[in-house]
Amino acid sequence: MIAELAAAGTALLGEAPRALSIGGVRGVYFTDLLTGTVYRLDGAESPVALEFPGETASAIIPLDDGRTVIALHRSLAVLGTDGGVEGRIELDLPAGTRLSDATAGPSGHLWLGVVPAADEPAPGQLLRLGDDGVHVVREGLGFSNGLGFTADGSRLLHIDSTPGIVWSIPHDPATGELGEPEEYYVHDELGALDGLCLDEHDRVWVAVFGGGEVLCLEAGAVAQRILVPALRVSSCVIDGRTLVITTARIDAPEEELAEFPLSGSLFRFELDASNGPVWEGHLS
């Protein structure tokens, strides 16, 4: 099974694909994390939707009032219903870190991964942000990556890329409280686990950066493999029944780019299932 090209591109680090509306325009939006650019898939093209010069842009999160949050380097940009930036939420992150993958959960909380960055990197964390403030819910992480909830909200799936583990964590969908993490899948093959999404059957689709594939995990084991014509596969989202996949070209040697010239492009693959619930965050 091989993914096909959705839109040619040259993203340094394509990330954060999300099917939602921004400023009344629905589509699959994604970012080039390292340039702070947000794109929208439009047919076979991906025009620029927003730009945040000098920032990283690692996640796009819908809110329950029609607004949108963009996770930047160490803050959150809040977009109004017209798609314009109406404010920023500054976060007091540890020195040597930045924001990474982030999502909303059934309780309305925002879940924000924090990863090592800069010349003196610090350990990663997972934060929960809501009307009850900011709480560090996991710490001492190697590299916090993909986040997603099961359809009933009872489990949070969370990737730590450094040890190559997908964690399954009991989660109270009403309060956002977490239980003890359990190993769901341990990756001992080529590449690093990166972004993830879940389908309606709670199968977990995981991008493998450097592995050139998306894994479908079911009951903690690999059930399917989707090959991608780019080695640096970074994240994925399900829009209807289409798996949309981001890739990267950062640090790729010339030989790799010659073999995989579409690195940094967007790919797609038709699934036999639709996406799970799209949770929206709440910010008062």
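Not measured: the values here are computed from a predicted model.

Student: Outline the pairing of strand β13 (residues 133-141), listing residues and values.
Tutor: In the sheet, strand β12 (residues 124-130) pairs with β13 via seven bridges, with the strands oriented antiparallel. Opposite G130, over in β13, you have G133 as the bridge partner. Here β12 folds back onto β13 in antiparallel fashion, the turn holding two residues.

Student: Please set out the environment of L99 residue by residue, giving values where relevant.
Tutor: In this structure, L99 sits in strand β10 (residues 97-104). Taking the C-alpha atoms as reference, L99 lies 12 Å from G36; in sequence the two are 63 residues apart.

Student: Provide a residue-level description of the pattern of salt bridges, including the pertinent values.
Tutor: Oppositely charged side chains can form a pair if their charged atoms are brought close together. Summed over the entire model, instances satisfying the criterion amount to 14 salt bridges. With a closest N to O distance of 3.0 Å, E55 and R88 form a salt bridge. Residue E55 is found in the loop between β5 (48-51) and β6 (59-62), and its partner R88 is found in strand β9 (residues 85-90); the two are separated by 33 residues along the sequence. What makes E55 buried here is its relative accessible area of 18%. The salt bridge partner of R128 is D132, with a shortest N-O separation of 3.8 Å. Relative accessible area serves as the criterion here: at 40%, D132 is assigned to the partly exposed category. Members of the salt-bridge network, linked through shared partners, are D65, R67 and E86.

Student: Residues and numbers for the pairing of strand β16 (residues 165-170), please.
Tutor: Counting buried residues in β16 gives five out of six residues, a clear majority hidden from the surface. Both strand β15 (residues 155-160) and β16 contribute to a ladder of six bridges, which runs antiparallel. Pairing of L156 across the sheet is with I169, part of β16. A loop of four residues connects β15 with β16, the two strands running antiparallel in sequence, and G164 in this loop sits at a positive phi of about 70°. Note: β16 against strand β17 (residues 182-186), four bridges, orientation antiparallel. If you follow I165 over to β17, its bridge partner there is V186.

Student: How would you summarise the sheet that holds strand β1 (residues 4-7) if you had to cite specific residues and measurements?
Tutor: Each strand in a sheet pairs with another by means of backbone hydrogen bonds, the pair being arranged parallel or else antiparallel. Spatial strand order, β1-β24-β23-β22: four strands in an open sheet with antiparallel pairing. Among the strands making up the open sheet, the edge pair consists of β1 and β22 (233-239). Neighbour-to-neighbour, the strand axes of the sheet open up by a mean angle of 35°, direction not taken into account. Pairing between strand β23 (residues 242-247) and strand β24 (residues 266-270): five bridges, direction antiparallel. Looking across to β24, one finds that T246 is bridged to L266.

What counts, and at which threshold
Residues numbered from 1 in each chain as written. Predicted model: local features only at pLDDT ≥ 70, side-chain atom pairs only at ≥ 80, totals over all residues. Heavy atoms only, no water. Pairing = 2+ DSSP bridges. Helix = DSSP H or I, 4+ residues; strand = E, 2+ residues; numbered from the N terminus. Salt bridge = Lys/Arg side-chain N within 4 Å of Asp/Glu carboxyl O. Buried < 20%, exposed > 50% of the residue type's maximum accessible area, 1.4 Å probe, protein only. Axes fitted to C-alpha atoms, helices over the stretch in contact; angles between N-to-C directions.

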